[in-house]
Amino acid sequence: MAKSSTPASGSRKIRSALISVYSKDGLEPIIRNLHELNVVLYSTGGTQAYIEKLGIPVTPVESLTGYPSILDGRVKTLHPAVFGGLLARREKAHLDQLKEFDIPEIDCVIVDLYPFEETVATTNDPTEIIEKIDIGGVSLIRAAAKNWKDVAVVASRDEYPFFLEMLKEQDGETSAFNRRELARRAFKATSNYDIAIFNWFNEGTTDISFKYSIHRSDILRYGENPHQAGVFFGDFDQVFDKLNGKAISYNNLVDIDAAVQLMREFRLGKPTFAILKHTNACGVARRHTLLDAWKAALACDSTSAFGGIFITNTTVDLETATEIDNLFYEVLIAPDFAADALEFLSRKKQRILLRIKSFEIKNRTFRSLLNGVVEQDADLKTETEADLKAVTARPPEPKEVGELLFAVKCVKHLKSNAIALVKERQLIGMGCGQPSRVDALRQAIAKARSFGFDLNGAVMASDAFFPFPDCVEIAAEAGITAIIQPGGSVKDQDSIDACDQRGMAMVMTGFRHFRH
């Protein structure tokens, strides 16, 4: 527990506490400890009943206010007899007023708010959601936190352990340092709560506001480079079970995110394996068995695969694990691992093994930029055969259609300008991050040839349109027979004509997939 360098500074003895919580988990030891310290307890509703069931004396809040809980429990603690005891500064003028109106001092407030976010996540019923907007609890927290120089506040069940330790170590005393820290945590809790409520009310309106509140954070070893500090804000455990390996770094997280986005496209169907480096796929393949998918993905670019991020859409078996283990990698992600495969892979303690719980990703993305933030819809479009518009004299053959759809999934996850070359459900060549689409294509062709692939009969995907027919001409010379691209150039017809002159098929989708 954090302590003051001068813990006696501003010390206050807790003599009374108001307790009104939603979650009772972990509350009993606090109540018993307060009782042992002869603290007067005030409570109401379900919390009062809980304390009484423990056999511990508790004073109903109604005895202070002179009013019962009314309006289906909406109004219980909102009264000067409660808030006066919380907000009064412990100085003569305020204490005299408390005495005049027979209001007791309240030295501590323990609250756990109605679970608004959890309710929104489990129902669309607006009546139920509205009733989970806590009013009295938030008011108690804010009042106690404002008066932190004299009052201690516990604002959520997450703070129960911290507070209990403090009670035990300091015999019911709180320092100014303790109370200010509790107040800081309290305003963190209420600000998170208010943002969640605002975002629910704001959904579907024309008010464009950027308000996010992420509860969890993990300090990383460093940022993108060792001289940069880094923090991850989010609940990693909600997406993955970490089964083995060293602490996850900033770069690991960026690559893991890219890997999940890519494999989301292939999460259903036959075993698929992908290998990524610096967020770009350098190997993707789909086969009848996972072992064959791994071998085909590795063959795409066995050089770049070293130290990469590996991901698959199916359970990793021992046979495949044995092959994977021959190559150094940073992270291996799978929906599951066979018991013997996990035991085998875990022998190398630094290798990160992640069991993914879901391939679903957020439908909005944002990033810092200049002196602000840009936000956009996530690119969740996955093309199907229905999206393909044949624009050439020769339409693609049925086999080519499947290859083209595989290729467009791959190119979507490469940095622009990007080109993907695919043959037999294997990414045999890729060019990415190039200022010129021609350069990206030449890079993809050179890479494919350097690893011994025959480009005759391959298909090509482009993340954006062709402004000139030069890419079609280069592709045809390499042996590529079919192309998928979004279209939209004022010179689309030039590329179509170039395809027709060479007997190539081209389809347009109407969906660009820039990635910067």
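Residues numbered from 1 in each chain as written. Predicted model: local features only at pLDDT ≥ 70, side-chain atom pairs only at ≥ 80, totals over all residues. Heavy atoms only, no water.

(A) Representation of the environment of alanine 143 in the model. Along the chain, the position of alanine 143 falls in helix H8 (residues 136-146). The sequence separation of alanine 143 and alanine 478 amounts to 335 residues, and the corresponding C-alpha distance is 73 Å. With residues up to four places along the chain from it excluded, the contact list for alanine 143 reads Phe83, Leu86 and Leu87. (Helix = DSSP H or I, 4+ residues; strand = E, 2+ residues; numbered from the N terminus. Contact = heavy atoms within 4.5 Å.)

(B) How the structure looks around the sheet that holds strand S3 (residues 40-43). Here five strands make up an open sheet; going across it, the order is S4-S3-S2-S5-S6 and the pairing parallel. Taken across any chain shown, the strands that pair with only one partner, and hence form the sheet edges, are strand S4 (59-60) and strand S6 (152-154). With four bridges connecting them, strand S2 (residues 16-21) and S3 associate as parallel partners. Considered in S3, the bridge of leucine 18 is made with tyrosine 42. Across the sheet, helix H9 (residues 160-170) touches S2, strand S5 (108-112) and S6, and the angle it forms with S5 is around 155°. (Pairing = 2+ DSSP bridges. Axes fitted to C-alpha atoms, helices over the stretch in contact; angles between N-to-C directions.)

(C) Seen up close, the layout of surface pockets. For the second largest pocket, the calculated volume is near 440 Å³. Those elements that place two or more of their residues in the lining of the second largest pocket are S2, helix H2 (45-53), S5, helix H7 (126-131) and H8. Ranked by residue count, the leading element in the lining of the second largest pocket is H8, at three residues. The residue inventory of the lining of the second largest pocket, partitioned by class, reads 10 nonpolar, eight polar and seven charged. (1 Å grid on protein atoms, 1.4 Å probe; cavity = no way out; pocket = protein on both sides within 12 Å on 5 of 7 lines; lining within 4 Å. Points joined across faces, edges and corners; volume = space filled by probe spheres on them. Nonpolar A, V, L, I, M, F, W, Y, C, P; charged D, E, K, R; others polar.)

(D) Looking closely at the pairing of strand S14 (residues 329-334). Within S14, six of the six residues are buried, leaving the element largely enclosed by the surrounding structure. Alignment of strand S13 (residues 308-312) against S14, held across four bridges, turns out to be parallel. Within the sheet, the bridge partner assigned to isoleucine 311 lies in S14 and is isoleucine 333. Running through helix H13 (residues 318-324), the crossover from S13 to the neighbouring parallel element S14 is right-handed. (Buried < 20%, exposed > 50% of the residue type's maximum accessible area, 1.4 Å probe, protein only. Right-handed = clockwise from strand over helix to strand, strands pointing away.)

(E) Summary view of unusual backbone geometry. At the junction of serine 416 and asparagine 417, the peptide bond is cis and its omega measures out at -10° in the coordinates. By secondary structure assignment, the location of asparagine 417 is in the loop between helix H15 (398-411) and strand S19 (419-422). In the Ramachandran plot, asparagine 38 falls in the positive-phi region, its phi being about 60° despite a non-glycine side chain. Inspection of the secondary structure puts asparagine 38 in the loop between helix H1 (28-36) and S3. The phi angle at aspartate 171 is positive, at roughly 55°, despite the residue not being glycine. With respect to the helices and strands, the residue aspartate 171 is situated in the loop between H9 and strand S7 (173-174).

(F) Summary view of the pairing of strand S21 (residues 459-462). By the alternation rule, side chains of S21 split into Val459 and Ala461 and Met460 and Ser462, which are all buried. Sheet topology note: the S19/S21 ladder contains four bridges and is antiparallel. Its bridge partner lying in S21, leucine 421 is registered against methionine 460. Relative to strand S22 (residues 482-485), S21 is paired through three bridges, and the arrangement is parallel. Bridge pairing links methionine 460 to isoleucine 483 in S22. You can see the chain leave S21, run along helix H17 (residues 470-478) and come back into S22, and the turn it takes is right-handed.

(G) View of the nonpolar core. With 53 residues, the main nonpolar core has Ile19, Leu34, Leu41, Leu86, Ile110 and Phe163 as its most contacted residues. If near-sequence neighbours (up to four positions away) are discounted, phenylalanine 163 is found in contact with Ile14, Ile30, Cys108, Ile110, Val154 and Leu182. Ranked by size, the runner-up nonpolar core spans 47 residues in total, among them Ile256, Ala281, Val284 and Ile309. (Core = buried A, V, L, I, M, F, W, Y, C linked by side-chain atoms within 4.5 Å.)

(H) Quick peek at the confidence of the model for the protein chain. Looking at the protein chain, pLDDT values average 92 and 98% of them are 70 or higher. Across the protein chain, the element-wise mean pLDDT spans from 81 in helix H3 (residues 62-65) up to 98 in S19. (pLDDT = per-residue confidence, 0-100.)

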